[in-house]
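# Commentary on secondary and tertiary structure
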Amino acid sequence: MSDTTARKIIKVLMISLTLPMKSVYPQLLDGKALAQRIQDQLKAEVERLKSTYGRPPGLAVLMVGDHPASAAYVRNKERACTKVGIASFGQHFPADVSQSEIEQTIDRLNQDPNVDGILLQLPVPAHLNAVYLLHKIDPDKDVDGLHPLNLGRLLRGERGLQSCTPAGVMRLLREYRIDLKGKNAVVVGRSILVGKPIALMLLEADATVTIAHSRTKNLAELTRQADILIAAVGRPNLITADQVKPNAIVIDVGINRVIDAQGKSRLVGDVDFDAVREMSQFITPVPGGVGPMTVTMLLQNTVFSYTRTHS
Ligand SMILES: Nc1nc2c(c(=O)[nH]1)N[C@@H](CN(C=O)c1ccc(C(=O)N[C@@H](CCC(=O)O)C(=O)O)cc1)CN2
Ligand SMILES: [Mg+2]
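Residues numbered from 1 in each chain as written. Chains lettered and ligands numbered in written order. Predicted model: local features only at pLDDT ≥ 70, side-chain atom pairs only at ≥ 80, totals over all residues. Heavy atoms only, no water.

As annotated in an unreviewed UniProt entry, the protein chain carries the name Bifunctional protein FolD and comes from Coleofasciculus chthonoplastes PCC 7420. The Subunit (unreviewed entry) comment attached to the protein chain in UniProt states, word for word, "Homodimer." (UniProt positions renumbered as here; feature names shortened; annotations may be inferred.)

### Digging into the overall build of the protein chain
A count of helices and strands for the protein chain gives 11 helices and 12 strands. Here the C-alpha coordinates of the protein chain stretch approximately 75 × 45 × 40 Å along the principal axes. A buried classification covers 44% of the 311 residues belonging to the protein chain. Intrachain contacts of the protein chain at a sequence separation of at least 6 include 71% that bridge at least 24 residues. For the protein chain, the accessible area works out to roughly 16100 Å², and carbon and sulfur atoms hold 54% of it. Looking at charge distribution, the protein chain has the averaged site of its 37 positive side-chain charges lying 4 Å from that of its 31 negative ones. (Helix = DSSP H or I, 4+ residues; strand = E, 2+ residues; numbered from the N terminus. Buried < 20%, exposed > 50% of the residue type's maximum accessible area, 1.4 Å probe, protein only. Contact = heavy atoms within 4.5 Å. Areas by Shrake-Rupley, 256 points an atom, 1.4 Å probe, with all protein chains shown as cover. Lys, Arg positive; Asp, Glu negative; His and termini not counted. Charge placed at Lys NZ, Arg CZ, Asp CG, Glu CD.)

### Topic: helix α2 (residues 31-53)
Taking 1.5 Å per residue, 23 residues should reach 33 Å; α2 reaches 31 Å between its end C-alpha atoms and fits that length. Turning to α2, its buried residues number three or more, namely G31, L34, A35, I38, Q39, L42, V46 and L49. Along its buried surface, α2 packs onto α3 (68-84), α7 (164-175) and α11 (290-309). Measuring from the backbone nitrogen of K32 back to the side-chain oxygen at the start of α2 gives 3.2 Å, which picks out D30 as the cap. A positive phi of about 85° marks G54, the residue just after α2. (Expected span 1.5 Å × (residues − 1). Polar contact = N/O pair within 3.5 Å; in protein donor to acceptor, adjacent residues only side chain to side chain.)

### Topic: unusual backbone geometry
The phi angle of most residues is negative, glycine excepted, and most peptide bonds adopt the trans form. Here the bond from L122 into P123 is cis, since omega is 5°, no more than 30 degrees from zero. Structurally, P123 can be placed in the loop between β5 (117-120) and α5 (130-136). The phi torsion at R177 lies on the positive side, around 50°, for a residue other than glycine. Within the secondary structure, R177 sits in the loop between α7 and β6 (184-188). Backbone geometry places N247, a non-glycine residue, at a positive phi of 70°. By the element assignment, N247 lies in the loop between β8 (228-231) and β9 (249-252). Among the residues examined, N247 registers a relative accessible area of 39% and is labelled partly exposed.

### Digging into the confidence of the model for the protein chain
Across the protein chain, the average pLDDT comes to 93, with 92% of residues at or above 70. Confidence drops under a pLDDT of 50 for residues 11-23, and excluding neighbours within four residues, the segment shows seven contacts in the predicted structure. We note a pTM of 0.91 for the whole complex and an ipTM of 0.92 for its interfaces. (pLDDT = per-residue confidence, 0-100.)

### Notes on the packing of α2 against α7
Taken N-terminus to C-terminus, the directions of α2 and α7 make an angle of 95°; their axes are 11 Å apart at the nearest point. One element, α2, and the other, α7, form an angle in the roughly perpendicular class. Between α2 and α7, the contacting residues are G31, L34, R37 and I38 on the first element and R171, L172 and E175 on the second. For the contact of α2 with α7, the residue count by class is three nonpolar, one polar and three charged. (Axes fitted to C-alpha atoms, helices over the stretch in contact; angles between N-to-C directions. Parallel < 35°, antiparallel > 145°, perpendicular 65-115°, else oblique. Nonpolar A, V, L, I, M, F, W, Y, C, P; charged D, E, K, R; others polar.)

### Overview of α11
With 20 residues, α11 extends 29 Å between its outermost C-alpha atoms, agreeing within 8% with the 28 Å of an ideal straight helix rising 1.5 Å per residue. In terms of burial, α11 is a largely internal element, 14 of the 20 residues being buried.

### Points about the side chain of D144
Here D144 is to be found in the loop between α5 and α6 (148-156). Buried D144, no salt bridge; nearest opposite-charge side chain is K77, N-O distance 5.1 Å. The contact partners of D144, leaving out residues within four places of it in the chain, are L119, L120, Q162, S163 and C164. (Salt bridge = Lys/Arg side-chain N within 4 Å of Asp/Glu carboxyl O.)

### Overview of the layout of surface pockets
Taken as a whole, the second largest pocket encloses approximately 690 Å³ of empty space. In this structure, the second largest pocket is lined by 23 residues; those nearest its centre are Q162, A167, M170, R174 and Q300. When residues of the lining of the second largest pocket are traced back to their parent elements, those giving at least two are α7, α8 (195-204) and α11. Considered class by class, the residues forming the lining of the second largest pocket number 10 nonpolar, six polar and seven charged. (1 Å grid on protein atoms, 1.4 Å probe; cavity = no way out; pocket = protein on both sides within 12 Å on 5 of 7 lines; lining within 4 Å. Points joined across faces, edges and corners; volume = space filled by probe spheres on them.)

### Description of the packing of α3 against α11
Where α3 contacts α11, the two axes come as close as 10 Å, and the packing angle between them is 55°. Viewed along their axes, α3 and α11 adopt a mutual orientation that is oblique. Where α3 crosses over α11, the two elements pack in a sense that is right-handed. Where α3 approaches α11, its residues N76, K77, A80, C81 and V84 are matched on the opposing element by V295, L298 and L299. Tallied by class, the residues present in the contact of α3 with α11 amount to six nonpolar, one polar and one charged. (Left-handed = near helix turned anticlockwise from the far one by under 90°.)

In structure tokens form, the structure reads like this:
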């Protein structure tokens, strides 16, 4: 048998072995496992920084009111800080706190040399001007990447602090060596926290990007053309299997608490996971996909902000 014939036979065998595997068992983009690995690395880095410079990196999470989901996210963030050795300077305000009291706290934290990162947990009660509060945070301590200067840097493709959820998505795509060059990426959702920044990041990675939103006509027509589909709306089952291109890469940023058929509370994304996983190439689960990466990117941004002031 010639070399060429042998190579052809091997190729046919490989294709017949991998094709059914791919469609029945799409690969999960395991954010939980990757987040754990990055946190282990950050822990070692934080120890080194602490012994070199005499203090750990510090993060201040500001939370207003008692929204149960927000309280759980803040607890997650503080727990993750403790795990990697970052000091927490969080502050919890009552729901009726005044705008000026939070502004004064931000001013104080901006000046505090032990604090490298400041974030305002969103949403805040309606009587507060969240945009103005975000503007108040020192851009060098803006570990959520929501200050106009950091968003402007992102727009220009400059290095800077970047929003945690989109940065986490990009890190996941990189980890699984997903090539974005020239690929059609469709982002469903246009929030400042996820939709807009992720679109800019994908563009920077040479993808061809479309942003869809609640007013988009013929959404399914667009999503069916997506090699990379990002769902970031916050609506359970928004993306169904008939809206997804076979072998697409599906990133589910949604976090929705629903009551299942057994009457149990359950966390789901924006994607009909069971149906879509059958025909996608890669998909993120909820929970265990993008969520854990969000918290990990926050820790990474805090360490980045610390190292910038010590270099
Ligand atoms: N200032 C900010 N506010 C909000 C952000 C943000 O990035 N900055 N994002 C969301 C909430 N969020 C972080 O704040 C967040 C949500 C979910 C997770 C997460 O780890 N989810 C887990 C499941 C957790 C569970 O069981 O409830 C997962 O998906 O596996 C982390 C962070 C809105 N506000
Ligand atoms: Mg998740």
